[in-house]
Amino acid sequence: MNFGTGSSTGRVLVVDDEKPLARMVATYLERAGYEVTTTHTGPDAVQAARMHDPDVIVLDLGLPGLDGIEVCRRVRAFSECYVLMLTARGNEPDRLQGLAVGADDYITKPFSVRELVARVGAVMRRPRTTVTVPEPARAFGSLVIDLGAHEAHVDGKSVGLTRTEFDLLAALSGRPYQVFSRRQLIDIVWDPGWVGDERIVDVHIGNLRRKLDDNPGRYVDTVRGVGYRMAEQ
């Protein structure tokens with residue numbers, strides 16, 4: 001493992017079994033002011049995530065020891081850091097599975113390293129749903145959203161949501177009668193400068209609904225051709 005030094009704007013763990021690529025990515029991130037750890041296998045990635053508590057993990061899916069999907073699943077058991085997947089172009093099943101187990105975003109190989117650094121910067125700028133003034137919990141039928149605790153409960157039971165899933169729920173519930181387009185949700189939850197496939201919103205909404213046991217659309221409603229809103233109770 002290698003560790004960047006100096007003043008830091010955030011901690012990034014770069015995981016790729018292609019060592020020259022990992023070194024190049026780390027160099028660009030260090031120039032941008034990040035403290036960087038690099039590792040090249042799945043087990044080492046999980047260990048490094050525990051040891052260094054990164055803000056962002058840049059995670060390749062094709063790793064020895066444990067693949068990136070399993071690494072992401074294990075990291076999600078103890079960390080809410082952002083996970084940016086590196087996937088092969090056209091490998092949609094892996095992308096969907098990665099997002100389902102808790103990755104926040106993805107970038108396809110081959111990629112511009114500058115674009116990757118920009119994408120890391122975008123997730124680091126994402127507004128968090130922290131609350132400085134106590135706010136009453138938001139209730140929608142049996143769904144209760146506690147912004148202060150960053151928790152959601154259905155029928156009194158805690159629902160394990162990723163940061164991205166919770167932020168989407170917070171955005172929708174903040175204006176429950178408004179229909180949000182994909183682009184509006186990206187601007188709120190990701191970053192106004194985010195560039196990529198906007199259908200990533202659909203994947204995260206699908207994962208959110210699954211965790212809320214929301215198959216009939218009890219909590220999150222789809223408005224065809226427009227976007228999403230909280231369902232009327």
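Residues numbered from 1 in each chain as written. Predicted model: local features only at pLDDT ≥ 70, side-chain atom pairs only at ≥ 80, totals over all residues. Heavy atoms only, no water.

> If you had to explain the sheet that holds strand β9 (residues 151-154) to someone new, which residues and values would you point to?
Backbone hydrogen bonds hold the strands of a sheet together, and the pairing may be parallel or antiparallel. With antiparallel pairing, four strands are arranged side by side in an open sheet as β7-β8-β9-β10. Each end of this open sheet is capped by a strand with a single partner; those strands are β7 (138-140) and β10 (157-159). Taking each pair of neighbouring strands and ignoring which way they run, the sheet shows an average axis angle of 25 degrees. Relative to β10, β9 runs antiparallel, the two being bridged by three bridges. Each residue of the ladder has a partner; that of His153, found in β10, is Ser158. Together, β7, β8 (143-146) and β9 form the strand contacts of helix α6 (residues 163-174), whose direction differs from that of β8 by roughly 105 degrees. (Pairing = 2+ DSSP bridges. Helix = DSSP H or I, 4+ residues; strand = E, 2+ residues; numbered from the N terminus. Axes fitted to C-alpha atoms, helices over the stretch in contact; angles between N-to-C directions. Contact = heavy atoms within 4.5 Å.)

> Give a detailed account of the pairing of β8, specifying residues and quantitative values.
In β8, alternate side chains face the same way, and those of Leu143 and Ile145 are buried while those of Val144 and Asp146 on the opposite face are not. Here β7 runs beside β8; their pairing, made up of three bridges, is antiparallel. Of the residues in β8, the one forming a bridge with Phe140 is Leu143. Between the antiparallel neighbours β7 and β8 lie two residues, among them Gly141 with a positive phi of about 65 degrees. In this structure, β8 lies alongside β9, joined through four bridges in antiparallel fashion. Residue pairing for β9: Asp146 is matched across the bridge by Glu151. Connecting the antiparallel pair β8 and β9 is a turn made up of four residues, with His150 showing a positive phi of about 55 degrees. (Buried < 20%, exposed > 50% of the residue type's maximum accessible area, 1.4 Å probe, protein only.)

> Just give me the short version of the packing of helix α7 (residues 182-190) against helix α8 (residues 200-211), but keep the residues and values in it.
Interhelical geometry of α7 versus α8 gives an angle of 75 degrees and a closest axis separation of 10 Å. In terms of axis orientation, α7 runs roughly perpendicular to α8. Touching Arg182, Leu185, Ile186 and Trp190 of α7 are Ile200, Val201, Asp202 and His204, all from α8. Here the residues of the contact of α7 with α8 sort into five nonpolar, one polar and two charged. (Parallel < 35°, antiparallel > 145°, perpendicular 65-115°, else oblique. Nonpolar A, V, L, I, M, F, W, Y, C, P; charged D, E, K, R; others polar.)

> Lay out the confidence of the model for the protein in plain terms, naming residues and giving numbers.
For the protein, the average pLDDT comes to 88, and 90% of its residues sit at 70 or higher. Within the protein, strand β2 (residues 11-15) carries the highest mean pLDDT (97), whereas strand β1 (residues 2-3) carries the lowest (48). Note on residues 3-7: pLDDT is under 50 here. Beyond four places in sequence and across chains, it has seven contacts. (pLDDT = per-residue confidence, 0-100.)

> Account for the pairing of strand β12 (residues 227-230), naming residues and giving values.
Looking at chain direction, strand β11 (residues 220-223) and β12 are connected through four bridges and run antiparallel. By the bridge assignment for β12, Asp221 is matched with Arg229. Hairpin connection between β11 and β12: a loop of three residues separates the two successive antiparallel strands, and Gly225 in this loop has a positive phi of roughly 80 degrees.

> Break down helix α3 (residues 68-75) for me, with residues and values.
Within α3 the residues assigned to the buried category are Gly68, Ile69, Val71, Cys72 and Val75. Axial view of α3: buried residues confined to an arc of 160 degrees, hence all on one face. Of the surrounding secondary structure, the elements contacted by the buried residues of α3 are α2 (42-52), β4 (56-60), β5 (82-88) and α4 (92-100). The backbone nitrogen of Ile69 has a side-chain oxygen 3.2 Å away, supplied by the residue at the start of α3, namely Asp67. (Arc of directions from axis to C-beta. Polar contact = N/O pair within 3.5 Å; in protein donor to acceptor, adjacent residues only side chain to side chain.)

> Quick one: what's the story with the packing of aromatic side chains, residue by residue and with numbers?
Summed over all chains, the structure comprises one aromatic pair. Each ring, one from Trp190 and one from Trp194, has its centre 6.3 Å from the other, and the planes form 50 degrees; the classification is tilted. Residue classification places Trp194 among the buried residues on the basis of a relative accessible area of 3%. Above the plane of the ring of Tyr28 lies Arg31, whose end atom (NZ or CZ) is 5.5 Å from the centre. Positioned above the aromatic ring of Phe78, the side-chain terminus of Arg50 is 4.1 Å from the ring centre. (Phe/Tyr/Trp six-rings, centres within 6.5 Å; stacked < 30°, edge-to-face > 60°. Lys NZ or Arg CZ within 6 Å of the ring centre and 35° of its normal.)

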